[in-house]
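Inside the fold
Chain residues, written in single-letter form:
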Amino acid sequence: MATTSCLTPTQRYAAGALFALALHQAQVNQTRPLGSDDESADDRPSSCGSTDSVANHPDLWVHELSGLVRPVFRFLEIESVAWSGLEETAGSSPAKHHVGAFLRLLAEENDGTTSQNSDQELALSRAVDAMWRSMEKSSESSESKKEKHREYESECREKCSTAEVQSNMEAAGVKTQVPPKTDGDSLPIEDAVDGSSSNVDENPIEEVMMLSYQRKVTALYVLLSACLADTHADNKKCTRKRKGYDARHRVALRLLATWLDVKWIKVEAIETMVACSAMALAKTEELNEEQPQSSDSKWAKWKRGGIIGAAALTGGTLMAITGGLAAPAIAAGLGALAPTLGTLIPVIGASGFAAAAGAAGTVAGSVAVAASFGAAGAGLTGSKMARRTGNVDEFEFRPLGENHNQGRLAVEIMVSGFVFDKEDFVRPWEGQDDNLERYALQWESKNLIAVSTAIQDWLTSRIAMELMKQGAMLTVLSTLLAALAWPVTLLAATDFIDSKWTIAVDRSDKAGRLLAEVLLKGFHGNRPVTLVGYSLGARVIFKCLQFLAETENNAELVERVVLLGAPISIKDEKWGAARKMVAGRFVNAYSTNDWTLGVAFRASLLTQGLAGIQPIDVPGIENVDVTDLIEGHSSYLWTTQRIIELLELDAYYPVFRGSKRIEYNV
C-alpha cells in the first residue's frame, strides 16, 4: 500500500499542477513580492516575454531543464504526455486563473476507493498532528528563553545605551531626511505586517473549503516526498547542480500550504516525518543486511513504500539530505508513530520504525544512521575548512536551540556583526523559537570586538559628547546622503575608528566567501538555508550571496535572507545578482536614525547610498523601516529577535500594505 495511492490519478494530477503553479509564482515573486506596486503586471519573471512558450525560456523554474517539476510529475505517476501542458499552464498565465480549478480536482472523490483512501488519509493526518504536537512541546521553554533574553537586553543597555541613545533621544521629533520611497514597499515595521499569522483571506475561498484537512495534508506529504526523492538524472542538460530538497521546492511548498490554509508548522512536521522515515528505511536495510541493489530496484522500492523522503537514490547509494537525523530526543516519537507509519509504509513496517527508534536512543546508533546519509564531514559544527581565505583566522559554527539531530530539513544561520565579547555571537539569537536547525556563525571575534569597542569608546568620549550637544549628529545622515563635505571637527574626531573599521569590513568580505564555500560544499547537507545577520554580519551574508552568484545560476541553496542595519553601499554593489540567489523573501531592515553606522562607513559611502539607513530600490527586496525600534546601532544586539518576530518569516509573504488582500495570494 503506497502512500501515493492515497490519492487517485486525478488528485495526483491536480497536486502536481498546483505545485507547478506555486513554483512559478514563487519565481515571479522573486522580483515582484506580494503587495508590490507592479504586482498586477504580467505574471512572468522580468527576463521572459509575455507571450513566449515556456519551452523557449530555460531560466524558468517550471522549464523541463530546471529539474524541479518533471521529477515530481514522474513520482506522482502523471502521464508524461501531460507534462509539457502542465508546464505551459503554470508558466504562461496568472496562477489565479487556475488555482481554483485544480483545487476542485484535488477535492474530487472516487466512489470505488473512497473508504480505503479516507482511512489512509486519516491515519496520515493523525501522524502529522502527533509530530506537530511533539514539536510544539519542545518549545515549552520559550518563556524561560524570553526571560534570559530580557536579562541580556538589560546587560546590553547598561553597556551600550549611552551617548548614542542619548543623542537619538535628544533628536526626538527631528526626522533625518532620506530619499523619498520610490517603490512603495517601505513601511515602518509595525505597519508593514497586519499581525495575522496566515496569508489566507479571512473568508476562505470556496475551493479550499471543499477540501478536507486530511486531503490537504496528504497532498502536501506526497509532494514533499516527491521533492526530496527527485533525481533528475535522466536529463543531462538539467541546470540544477544538486539532487534532493531545493530551496525553490521549499518556497513553492510554503506558498502551496498558504493556498491550502495549512499552518506552516504542519509542513515542518511532515518534513520531520519524512526524514524519520528515511532513517527508518536505512536502519531496516542495515538490520536485514541486504545485498547491494541496482539504483532502479531501490528506486522502485522507495516508490512502493511511498517514503521518498530525505534521500535521493543514485548509483546504489543514499544521497545526503541532512547532517544527522537520529537522536534520543526523537526516539520516543519514532516509537509512538511506528504502528501508524508502519501501516502506511509497509516496506519498513512497524518493526522497522521500532528498530530505528531503538537505534536513535543510542549515541552509536545516531552516528551510524547519520553516516548513512552521507553528510559532508560532521556537519556545520564539525566542519574544518581545508583552506582559509586571506587573513580570516576564526570561522566556526555554534549550535543554537534544541533542534539539532532531530530530522529538520532546513537550516538557519545567524551572523552577528557588532559584538563586545564572544557571547554576543550567540545571545542575540537565543530567545528565538522556530523549528529550524539553527547555528550562530562566530567569525573574526578579535577584529569585531576591537571595532565595536572603538566605536563605543568614541561615543562616550568628551569630544563626541560635545559634538552631540552642538547637534552635529543630527546632520550626519543628511550630509552623507547629500554628498556634502563633513565638518572638519567631526572628520578628525572619527579618524581613529577608520583603521579598525577598514580591517573589519575586509574580514567580513572574506568571511562571506568562506560562508559561500561552506554552502557549496554541502557541510549543512542538501537542505534549504535561511540567512539572518545584523551590522557587519549582514555584510557577510550579502558577500556570500555575491560569491554564490559567481558560480550558481539559480537559487538552489538559500531560501530566505534578512539583512539588519547592513553596512553595504547601494549603487556600487550587485544587488540584483544577490537577489537571484535567494528563492524566497529578501528583507532589508534599516533605521533612518542610525548615524553611528553612517559615521563608521562614511569613507566609502558618500554618493553610493547605504542599505542600513535607507530603502533599496531593487525589484524583489522588501524594505522595512525599523527606526522606531532602533535606539542606536548597538541596539541591534537586543532588538533583532523582536524585528524577526514582526517580519513573520514563516509566512510566504506577510500581508503588506495595510488591509489589502489578494485573491489566492498570487
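Residues numbered from 1 in each chain as written. Predicted model: local features only at pLDDT ≥ 70, side-chain atom pairs only at ≥ 80, totals over all residues. Heavy atoms only, no water.

1. What to know about unusual backbone geometry
Phi angles above zero are rare outside glycine, and Asp261 is one such case at about 60°. Secondary-structure assignment places Asp261 in the loop between helix 11 (247-259) and helix 12 (264-288). Relative accessible area serves as the criterion here: at 36%, Asp261 is assigned to the partly exposed category. (Helix = DSSP H or I, 4+ residues; strand = E, 2+ residues; numbered from the N terminus. Buried < 20%, exposed > 50% of the residue type's maximum accessible area, 1.4 Å probe, protein only.)

2. Details of the environment of Thr8
Position of Thr8 among the secondary structure elements: in the segment before helix 1 (9-31). With relative accessibility at 10%, the residue Thr8 sits in the buried group. C-alpha of Thr8 to C-alpha of Glu108: the two residues are 100 residues apart in sequence and 9.0 Å apart in space.

3. Notes on the packing of aromatic side chains
The description of an aromatic ring pair rests on the distance of the ring centres and on the angle between the ring planes. Evaluated as defined, the whole model comprises 10 aromatic pairs. On the numbers, 5.8 Å between centres and 40° between planes, the contact of Trp429 with Tyr534 is tilted. Taken as a pair, Trp429 in the loop between strand 5 (411-415) and strand 6 (437-443) and Tyr534 in strand 7 (residues 529-534) lie far apart in primary sequence, 105 residues in all. Classification of Trp429 as buried rests on a relative accessible area of 0%. Through a chain of ring-to-ring contacts, the aromatic side chains of Phe395, Phe397 and Tyr439 assemble into a single cluster. The aromatic ring of Trp264 is capped on one face by Arg254, whose charged end is 4.2 Å from the ring centroid. Geometry around Trp132 places Lys266 over its ring, the cationic atom sitting 4.3 Å from the centre. (Phe/Tyr/Trp six-rings, centres within 6.5 Å; stacked < 30°, edge-to-face > 60°. Lys NZ or Arg CZ within 6 Å of the ring centre and 35° of its normal.)

4. A word on the pairing of strand 5
Extensive coverage of strand 5 is indicated by the burial of 5 of its 5 residues. Here strand 5 shows two buried faces, one formed by Val411, Ile413 and Val415 and the other by Glu412 and Met414. Direction of pairing for strand 5 relative to strand 6: parallel, over a ladder of 5 bridges. The residue of strand 6 that forms the bridge with Val415 is Leu441. Direction of pairing for strand 5 relative to strand 7: parallel, over a ladder of 5 bridges. Bridging from a neighbouring strand, Glu412 pairs with Thr530 of strand 7. (Pairing = 2+ DSSP bridges.)

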